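# Geometric and topological summary
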Amino acid sequence: MLSLVCPAQNYAWGRPAAESEVAKLASLNGSVVDDSKPFAELWMGTHPSGPAVISGHDTTLKQWIQAHPEALGDAVLKRFGTDLPYLFKVLSVRTALSIQSHPDKALAERLHAQNPKDYKDDNHKPEMALALDGFEALCGFVSADELKQALKANPELKLCVGELVANAFLEVPADGSKSALKAAFTALMTCDTSKVSGAINSLVQRLSPEAAAGRQLSSKEQLVLRLNDQYPNDVGVLSAFFLNQVRLNAGEAIYLAANEPHAYVSGELVECMAASDNVIRAGLTPKFRDTKVLCESLTYNTGVPEVLKGDRIHDHVKVYRPPFEEFEIQRMEVPAGESVTVPTNPGPLLLLVDRGAGTAAAAAAASMMGDGLQQ
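The residue numbering used here restarts from 1 in each chain and proceeds along that chain's sequence as written. Reporting in this predicted model follows two pLDDT cut-offs: at least 70 for local features of residues, and 80 or more for side-chain atom pairs to be given and counted; totals over whole chains, interfaces and linings ignore these cut-offs and use all residues. As a rule here, side-chain values come from all non-hydrogen atoms in the structure, and water together with hydrogens is ignored.

## Quick word on the pattern of salt bridges
A carboxyl oxygen of Asp or Glu within 4 Å of a side-chain nitrogen of Lys or Arg is what we treat as a salt bridge. Summed over all chains, the structure comprises 22 salt bridges. Note that E325 and R79 form a salt bridge whose closest N and O atoms lie 2.5 Å from each other. Taken together, the residues E325 in the loop between β17 (317-320) and β18 (329-332) and R79 in helix α3 (residues 74-80) connect sequence positions 246 residues apart. Taking the relative accessible area as the measure of exposure, E325 reaches 49% and is therefore partly exposed. With a shortest N-O distance of 2.4 Å, E252 and K309 are connected by a salt bridge. Each helix is a run of H or I in the DSSP string that is no shorter than four residues. Each strand is a run of E no shorter than two, and both are numbered from the N terminus. Residue burial is assigned from relative accessible area. The probe radius is 1.4 Å, only protein chains are included, and a residue is buried under 20% of its type maximum, exposed over 50%, and partly exposed in between.

Structural data, given as structure tokens:
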């Protein structure tokens, strides 16, 4: 068992230190917390953009694994080589993250080769998010019927999609058409910025007085106004009409395959993903936008994401298993005065204590390595 020191990321969308789970954990982990900065992510893994370090040693976790590859287990070594196959994070989300997707393996390799500055590795990035408290996100495309209603109810949205493209979508059958959805979403995301700005201003000027007059805005309308407060006149504000609004309670999770659109909106969560930092962005961000690649690469599947509540494998342990081979998450809630034995796993485990305190001990079969670190 190794004790790790893990880096925090101070992205602008993070929460103030006093309100951030990431800042709390980083402080407990030995990092100096600058109260003037937002704290967005705590990284636990081997990715070069934020490598974990062995406590008390000038050695990264990746260097230690490469020196002790047997610690990964035979199956992981054979399939993924001498590296941790996943990246584990804690996120503290104050303002929405970008409208984004993550590339599949083939696309990741191509993007990394063409643009290593913005796509820092050649791996895919399927991921899963597990809520620590109330968590809100936009994930996947809404049904054809819901989008049709949005186009009819919001002339500002229809204006940016374009009359011909919008009308073509309104005529598709109830089960939808991927080509018509792709055409509509691409038209919106590539719409002239001045037209987008004017449409959003009109939308706000319409909705705000209606709300003031007593009309109960829909949750999506309320979200659109919130997003515009955070990213004024950004095309990502209107893209929210295309995406499912998902709210999770603590202990619920969603998973996201490659090439699916999403944006985390608010909340505290843990996130696990394949070992990659590749993000294709197209809205709600000051960062590099690769709108054409995003629109071309999406699957255009529709429907509400599956919400995982965890399968109980022990009195105090639930497991969340997405349809990806790189990782799963186990959530342990141990009552005071009791103990739990972590189920045997053939691969490498990362253990994060998020609440309370306790003692962790390796199994009797664990051995001391020559460098004084316990395996």
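## Let's talk about the packing of aromatic side chains
What counts as a ring pair is set by centres within 6.5 Å for rings of Phe, Tyr and Trp (its six-membered ring), and what kind of pair is set by the plane angle: stacked under 30 degrees, edge-to-face over 60, tilted for all other angles. Following the criterion strictly, the structure yields nine aromatic pairs and no others. Residues Y119 and F288 carry aromatic rings whose centres are separated by 6.5 Å and whose planes lie at 80 degrees to one another, so their mutual orientation is edge-to-face. On the criterion of sequence distance, the pair formed by Y119 in the loop between α4 (105-114) and β9 (127-131) and F288 in the loop between β14 (280-283) and α12 (291-297) is long-range, its members being 169 residues apart. Residue classification places Y119 among the buried residues on the basis of a relative accessible area of 1%. When its relative accessible area of 36% is taken as the criterion, F288 is described as partly exposed.

## Side note on the sheet that holds β17
Within a sheet, adjacent strands bond to each other through the backbone by hydrogen bonds, running parallel or antiparallel. Two strands are counted as paired when DSSP detects at least two bridges linking them. Spatially, β16-β17-β18 is the arrangement adopted by the three strands of the open sheet, whose pairing is antiparallel. Of all strands in the sheet, those bounded by a partner on one side alone are β16 (311-314) and β18. Across this sheet, the average inter-strand angle for adjacent strands is 35 degrees, counted without regard to direction. Sheet topology places β16 next to β17; three bridges connect them, and they run antiparallel. Looking across to β17, one finds that H314 is bridged to V317. The axes used here are C-alpha line fits, helices contributing only the stretch in contact, and every angle between their N-to-C directions lies in the interval 0 to 180 degrees.

## Some details on helix α10 (residues 219-230)
Residue count minus one, scaled by 1.5 Å, sets the expected span of a helix. Compared with an ideal rise of 1.5 Å per residue, which puts twelve residues at 16 Å, α10 spans 17 Å between its outermost C-alpha atoms and is within 8% of the ideal. Regarding α10, the residues found buried are K220, E221, L223, V224, L225, L227 and N228. Looking at the buried residues of α10, the elements they touch are β10 (135-141), α5 (144-153), α9 (193-212), α11 (235-239), β11 (243-248) and β13 (262-274). We call two residues in contact when some of their heavy atoms are within 4.5 Å.

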